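Architecture and fold: a report
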Amino acid sequence: MRAAVFYGANQPLKVEEVPKPQIGAGEILVKVAACGLCHTDLHYLDHGVPTFKKPPLILGHEVSGTVAEVAAGVSQFQVGDRVLLPAVMACGVCDNCRAGRGNICRHMVMLGNDVDGGYAEYIKAEASNVFHLPAEIPLIEGAIIADAITTPFHAVKNRGKVKPGDTVIVYGCGGVGLNLVQVANAAGASVIAVDMMEVKLNKAKELGAVATVNAGEVPDVAKAIRKLTGGGAEIAFECIGNPKTMESAFSSVRNGGRLVIVGYTEHTMTLNASRVMYREMEVIGSLGCPLTEYPKVIELVRTGKLQVETMVSRRFSLDQINEGLDFVRSGQGFRSVVVP
Ligand SMILES: [Zn+2]
Ligand SMILES: [Zn+2]
């Protein structure tokens, strides 16, 4: 089969012929319909963040497709079924999994990081981790549910604990941030979106944001937000992964509020401890989404409460994958997918 293979940082992915994965007990082989291009891939490609499996490795962790082969003993899938693969597979038996927190499973396996991912014609997966994709959800655009929508869902519902009527700030309107806007809006929050690109802020408004702040046009974003909200929001989500915006997001939250860190950075964020203490602030992280939540997200998409089709800006073939990654690098588009 053909796949886009990662050989190391600062070099393009190489599209080449590789062996088709062989499935073992409990596994299925999936013919990839689409795989979302994610900023996470740029951490490996551009920023030297190591993958858990050493290259050569097939990247890609946002996969939809159809079942091509089923191993003996797998009864819940048949050849031809439409499926969604979660970005991160959980063991199901460790203490965190048993506590319903499989997203921080002690033995988590991330596609395109611990094992070969979805920038390929085929991918194999443990059947117990895979979800059926209902007919109402388009197969190609449905791929983005696997990370771009489930990650915001977990951040909003379980970590941010957003309630109807809460004022919520979303810093960064990329693939995850824009979807966070629509998930928070569906949860009944009043959402204010922050970004530097007007096209993304306009999209945030389409997805339900009640106001937007262009960070390139105001000298102090947190101050602008405190003014807009009469003293600060209840909850801020940082979806960029930049210590400076994390600090700004913290300052845009009112006393007793919550900062949820969704963006990834390896750098240090500075917060004044007395402000955390004296203002009774919560600063918490959010990673991916437990598998137990996937059926709920799929149902929200199936019933049209969350959109996927309008969130996919461009499709790239496997041969165009490096062009697709350049498109992600440029910060253009909302979410793009590779269609092998
Ligand atoms: Zn991702
Ligand atoms: Zn586990």
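Nothing here was measured: the structure is a model prediction, and the numbers come from that model.

A few words on the coordination of the zinc ion (ligand 1). Bound to the zinc ion (ligand 1) are the protein donor atoms Cys 38 (SG), His 61 (NE2) and Asp 147 (OD), situated 1.8 to 2.2 Å from the metal. Site description for the zinc ion (ligand 1): donor spacing in sequence, C-x22-H-x85-D. Linking His 61 in the loop between strand S4 (57-58) and strand S5 (63-70) with Asp 147 in the loop between strand S10 (131-132) and helix H3 (150-159), this pair joins segments that are 86 residues apart in sequence. The buried category is assigned to His 61, whose relative accessible area is 1%. The exposure class of Asp 147 is buried, given its relative accessible area of 12%.

Another aspect to go through is the environment of Glu 27. Positionally, Glu 27 belongs in strand S3 (residues 27-37). Given the relative accessible area of 15%, Glu 27 is considered buried. A C-alpha to C-alpha distance of 5.1 Å links Glu 27 and Ala 127, two positions 100 residues apart in sequence. In this structure, Glu 27 is in contact with Gln 22, Val 70, Ala 71, Val 74, Lys 124, Ala 125, Glu 126 and Ala 127, ignoring residues within four places of it in sequence.

Looking now at the side chain of Ser 64. For Ser 64, the position within the fold is in strand S5. A polar side-chain atom of Ser 64 sits 2.6 Å from the main-chain carbonyl oxygen of Leu 139. With sequence-adjacent residues up to four places away left out, Ser 64 is seen in contact with Lys 31, Val 32, Ala 33, Ala 34, Val 83, Leu 133, Leu 139, Ile 140, Gly 142 and Ala 143.

Our focus in this paragraph is the nonpolar core. If you look at the biggest cluster of nonpolar residues, it comprises 54 residues, and the most contacted ones within it are Ile 144, Ile 145, Val 168, Leu 180, Val 181, Phe 237 and Val 262. Taken together, the elements giving at least two residues each to this core come down to H3, strand S11 (167-171), helix H4 (175-186), strand S12 (190-195), helix H5 (198-206), strand S14 (233-238) and helix H9 (294-302). Here the element with the most residues in this core is H4; it accounts for 6 residues. When sequence neighbours within four positions are dropped, the list of residues in contact with Val 168 reads Val 162, Ala 184, Ala 189, Ser 190, Val 191, Ile 192, Ile 235 and Phe 237. Listed in part, the 44 residues of the second largest apolar core include Leu 29, Cys 35, Leu 111 and Leu 318.

Bringing the pattern of salt bridges into the picture now. Overall, the coordinates contain 18 salt bridges when judged by the stated rule. For Asp 46, the salt bridge goes to Arg 329, with nearest N and O atoms at 2.7 Å. Of this pair, Asp 46 sits in helix H1 (residues 39-46) while Arg 329 is found in helix H10 (residues 321-329), placing the two residues 283 residues apart along the sequence. With relative accessibility at 29%, the residue Asp 46 sits in the partly exposed group. Of the residues examined, Arg 329 reaches a relative accessible area of 36% and is grouped as partly exposed. One salt bridge connects Arg 254 with Glu 234, and the closest N-O pair in it is separated by 3.4 Å.

Right, let's talk about the packing of aromatic side chains for a bit. Describing an aromatic ring pair means giving the distance of the ring centres and the angle of the ring planes. Under the defined criterion, the tally for this structure stands at 2 aromatic pairs. On the numbers, 5.1 Å between centres and 5 degrees between planes, the contact of Phe 131 with Tyr 294 is stacked. In this pair, Phe 131 sits in strand S10 while Tyr 294 sits in helix H9, placing the two residues 163 residues apart along the sequence. Each of the two residues, Phe 131 as well as Tyr 294, counts as buried. Each ring, one from Phe 316 and one from Phe 327, has its centre 5.9 Å from the other, and the planes form 55 degrees; the classification is tilted. Here Phe 316, found in strand S17 (residues 312-317), pairs with Phe 327, found in helix H10; they are 11 residues apart in sequence, far enough to count as distant. Assessed through its relative accessible area of 1%, Phe 316 is described here as buried.

With that settled, consider the coordination of the zinc ion (ligand 2). Those protein atoms acting as donors to the zinc ion (ligand 2) are Cys 91 (SG), Cys 94 (SG), Cys 97 (SG) and Cys 105 (SG), and they sit at 2.3 to 2.4 Å. Classification of the site at the zinc ion (ligand 2) rests on its 4 donor atoms, whose angles at the metal span 102 to 117 degrees, yielding the label tetrahedral. In terms of primary sequence, the donors binding the zinc ion (ligand 2) are separated according to C-x2-C-x2-C-x7-C. One end of the pair, Cys 94, is in the loop between strand S7 (88-89) and helix H2 (95-98); the other, Cys 105, is in the loop between H2 and strand S8 (109-110), with 11 residues separating them in the sequence. Relative accessible area serves as the criterion here: at 7%, Cys 94 is assigned to the buried category.

About the criteria used
Note on numbering: residues in each chain are counted from 1, in written sequence order. For naming, the first written chain is A and the first written ligand is 1, with later ones following in the order written. Note on the predicted model: pLDDT of at least 70 is required for a residue's local features to be given, and 80 or more for side-chain atom pairs to be given and counted; whole-chain, interface and lining totals, by contrast, use all residues. For the side-chain quantities, the full set of heavy atoms in the structure was used; hydrogens and water were omitted. Distances up to 2.8 Å from the metal define which N, O and S atoms are donors, and 3.2 Å serves for Na, K and Ca; water is absent from the atom set, so sites may look incomplete. Every helix listed is a DSSP run of H or I at least four residues long, and every strand listed is a run of E at least two residues long, numbered separately from the N terminus. Burial classification: accessible surface area is computed with a 1.4 Å probe over protein chains only, and a residue below 20% of its type maximum counts as buried, one above 50% as exposed, and the rest as partly exposed. Any pair of residues with heavy atoms lying within 4.5 Å of one another is described as a contacting pair. Residues adjacent in sequence count toward polar contacts only when both atoms are side-chain atoms; beyond that, a polar contact is any pair of N or O atoms within 3.5 Å, and within protein one must be able to donate a hydrogen and the other to accept it. The criterion is simple. A nonpolar core is a set of buried Ala, Val, Leu, Ile, Met, Phe, Trp, Tyr and Cys residues joined through side-chain atoms within 4.5 Å. What counts as a salt bridge is simple: a side-chain nitrogen of Lys or Arg found within 4 Å of a carboxyl oxygen of Asp or Glu. Two rings from Phe, Tyr or Trp (for Trp, the six-membered ring) form a pair when their centres sit within 6.5 Å of each other. Planes less than 30 degrees apart are called stacked, planes more than 60 degrees apart edge-to-face, and all others tilted. Labels for metal geometry use angle windows, namely 85 to 135 degrees for all angles of a four-donor tetrahedral site, and for square planar (four donors) or octahedral (six donors) sites opposite donors over 155 degrees apart plus all others within 65 to 115; sites meeting none of these are irregular.

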